[in-house]
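Architecture at a glance
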Amino acid sequence: MHELLSRPAAAHLRAEVLGYRGFRFDVIGVRRRLLVPNGVVKVMLGFGDQLRVVDTCDPVCAGSGASLTNGVRATAAIGEHTGLIHGVTVLLTPLAAHRLFKVPMSEWSRLPVAPEELCRSPWAELPARLAEIPHWGGRFALLDQVLQEALASNPAGSPEVAWAWRRIQRSCGRTRIEDLARETGWSRRHLERRFRCQIGLSLKGAAQIMRLQTALALRETGSTWSDAAAQAGYHDQPHFDRTFKAMTGRTPSAFYANRMAASPHDAQDFVPGQVTSAVLRHRA
């Protein structure tokens, strides 16, 4: 039995909570998915079997659990599972995740970790509460309520960091770090330190993610890899190829081949307007 559905968060939460994905997959063998860097924090609240997530470039950065939080990372990860995986994924901006978990993002963003290990309330009880509700609409409504209360009780982070993050997103990663620092009125070093705390990676790493996402989106709409790389701001095709492999562990052509080979029943992207994953060949 397979179920997969998406729903936006309540309108007043959407600046910070990007949406929810309810899922249920019962798999024979091992199902594997390559998770591309995309600038979104994913909190999986599970009530099925465990999922394992491993960094493609650093296997030491790995974690397993029925519920896992994945921060903003500059390298891809592979998620794999067998049996029943069932639950809800909450999609958050990194600024919202920093506000909700109250832990510096730089301390855990590369390590998949159970959400209750970062902050017990409201995360420790939430998977069980969600599992008790028999329909998706009720589960999504509970998430709206719980997240609204949690966000209201925690102060927002630095407006300067929020501005720098939005500027990097809007410019698709093509803004100079010196300009960001000057316009915030902070030194580059101070901005870098605060940015890592609230976002989880460096300013340069954030820009790399946005350039990668720009190139992937252009390829999805029919551009060649060469044209996509040029429009996304890479020096040339070899520069793009090296960066792509360093961030995903695969060449652009191998990644696209995985995308094209996936079953049409496999929804590969869970953030609107972004290329977020590729389903890899299943293993029996």
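For every chain, the first residue of its written sequence is number 1, and the numbers climb from 1 along that sequence. Local features in this predicted model are restricted to residues whose pLDDT is 70 or higher, and side-chain atom pairs enter the listing and the counts only when it is 80 or higher, whereas totals over whole chains, interfaces and linings include all residues. The basis for the side-chain values is all heavy atoms of the structure; hydrogens and waters are excluded.

1. Let's talk about empty space enclosed by the protein
A pocket, in this scheme, is an open set of points on a 1 Å grid over the protein atoms alone with protein on both sides within 12 Å along at least 5 of 7 lines, while a cavity is a set where a 1.4 Å probe fits but cannot get out; residues line either one if an atom lies within 4 Å of a point. Grid points are joined across faces, edges and corners, and a volume is the space filled by probe spheres set on the points. Evaluation of the coordinates by the stated rule reveals two cavities of 30 Å³ or more. In this structure, the largest cavity occupies an estimated 420 Å³ of space. Lining the largest cavity we find 22 residues, and of these Arg33, Leu35, Met44, Leu51 and Thr89 sit closest to its centre. Secondary structure elements are taken from DSSP: a helix is a run of H or I of four residues or more, a strand is a run of E of two residues or more, and numbering for both begins at the N terminus. Looking at the lining of the largest cavity, the elements that each hand over two or more residues are β2 (17-35), β3 (41-46), β4 (51-55), β6 (68-70) and β7 (77-92). Broken down by element, the lining of the largest cavity gets its largest block of residues, seven residues, from β2. Residues are grouped as follows: Ala, Val, Leu, Ile, Met, Phe, Trp, Tyr, Cys and Pro are nonpolar; Asp, Glu, Lys and Arg are charged; every other residue, Gly included, is polar. Residue composition of the lining of the largest cavity, grouped by class: 12 nonpolar, four polar and six charged. Estimated volume of the second largest cavity: approximately 90 Å³. Val36, Asn38, Lys42, Gly71 and Arg73 are, among the 14 residues lining the second largest cavity, the residues nearest its centre.

2. Comments concerning unusual backbone geometry
Most peptide bonds are trans, and most residues other than glycine sit at a negative phi. Between serine 121 and the following residue, proline 122, the backbone shows a cis peptide bond with an omega angle of 5°. With a phi angle near 60°, lysine 102 is a residue other than glycine that sits in the positive phi range. Secondary-structure assignment places lysine 102 in the loop between α1 (94-101) and α2 (115-118). Residue burial is assigned from relative accessible area. The probe radius is 1.4 Å, only protein chains are included, and a residue is buried under 20% of its type maximum, exposed over 50%, and partly exposed in between. Overall, the relative accessible area of 52% leaves lysine 102 in the exposed class.

3. Focus: the packing of aromatic side chains
Side-chain rings of Phe, Tyr and Trp (the six-membered ring for Trp) are treated as a pair once their centres are within 6.5 Å; stacked means planes under 30 degrees apart, edge-to-face means over 60, and tilted covers the remaining angles. Per the counting criterion, the structure on display carries 11 aromatic pairs. Ring geometry for tryptophan 225 against tyrosine 256: centres 6.3 Å apart, planes inclined by 85°, an arrangement best described as edge-to-face. In this pair, tryptophan 225 sits in helix α10 (residues 225-232) while tyrosine 256 sits in helix α12 (residues 252-261), placing the two residues 31 residues apart along the sequence. With a relative accessible area of 18%, tyrosine 256 lands in the buried category. Here the aromatic residues Trp225, Tyr234, Phe240, Phe244, Phe255 and Tyr256 are joined through ring pairs into a cluster of three or more. Only Lys NZ and Arg CZ are tested; either one counts as a charge over a ring when it is within 6 Å of the ring centre and within 35 degrees of the ring normal. One residue, arginine 31, lies across the ring of phenylalanine 25, its end atom 4.6 Å from the ring centre.

4. Quick look at α10
For α10, the full list of buried residues reads Trp225, Ala228, Ala229 and Ala232. Projected onto a plane normal to the axis of α10, the buried residues spread over an arc of 100° and lie on a single side. By the convention used here, residues are in contact when the closest approach between their heavy atoms is within 4.5 Å. The inward-facing, buried residues of α10 contact α9 (203-220), α11 (237-248) and α12. Our arc is simply the arc of the directions from the helix axis toward the C-beta atoms.

5. What to know about the pattern of salt bridges
We define a salt bridge as a side-chain nitrogen of Lys or Arg found within 4 Å of a carboxyl oxygen belonging to Asp or Glu. Going through the model one piece at a time under the given rule, you end up with 14 salt bridges. For arginine 182, the salt bridge is made with aspartate 179, and the minimal N-O distance between the two is 3.1 Å. Linking arginine 182 with aspartate 179, this pair stays in helix α7 (residues 177-184), spanning three residues, or about one helical turn. For arginine 182, a relative accessible area of 56% translates into the label exposed. In this structure aspartate 179 comes out as buried when scored by relative accessible area, which is 18%. Aspartate 269 serves as the salt-bridge partner of arginine 259, at 2.7 Å between the closest nitrogen and oxygen. With arginine 259 in helix α12 and aspartate 269 in the loop between α12 and β8 (277-279), this residue pair connects regions lying 10 residues apart in the sequence. A residue is classified by how much of its surface remains accessible, and arginine 259, at 6% relative accessible area, is buried. A cluster of three or more residues bridged by salt bridges with shared partners is formed by Arg176, Glu178, Asp179, Arg182 and Arg188.

6. Quick word on the layout of surface pockets
Its volume calculated, the largest pocket comes out at about 350 Å³. Every residue lining the largest pocket is counted, 22 residues in all, and those nearest its centre are Ala15, Thr93, Leu95, Trp165 and Gln169. Looking at the lining of the second largest pocket element by element, the count peaks at five residues for α9. In terms of residue class, the lining of the second largest pocket is made up of six nonpolar, seven polar and three charged.

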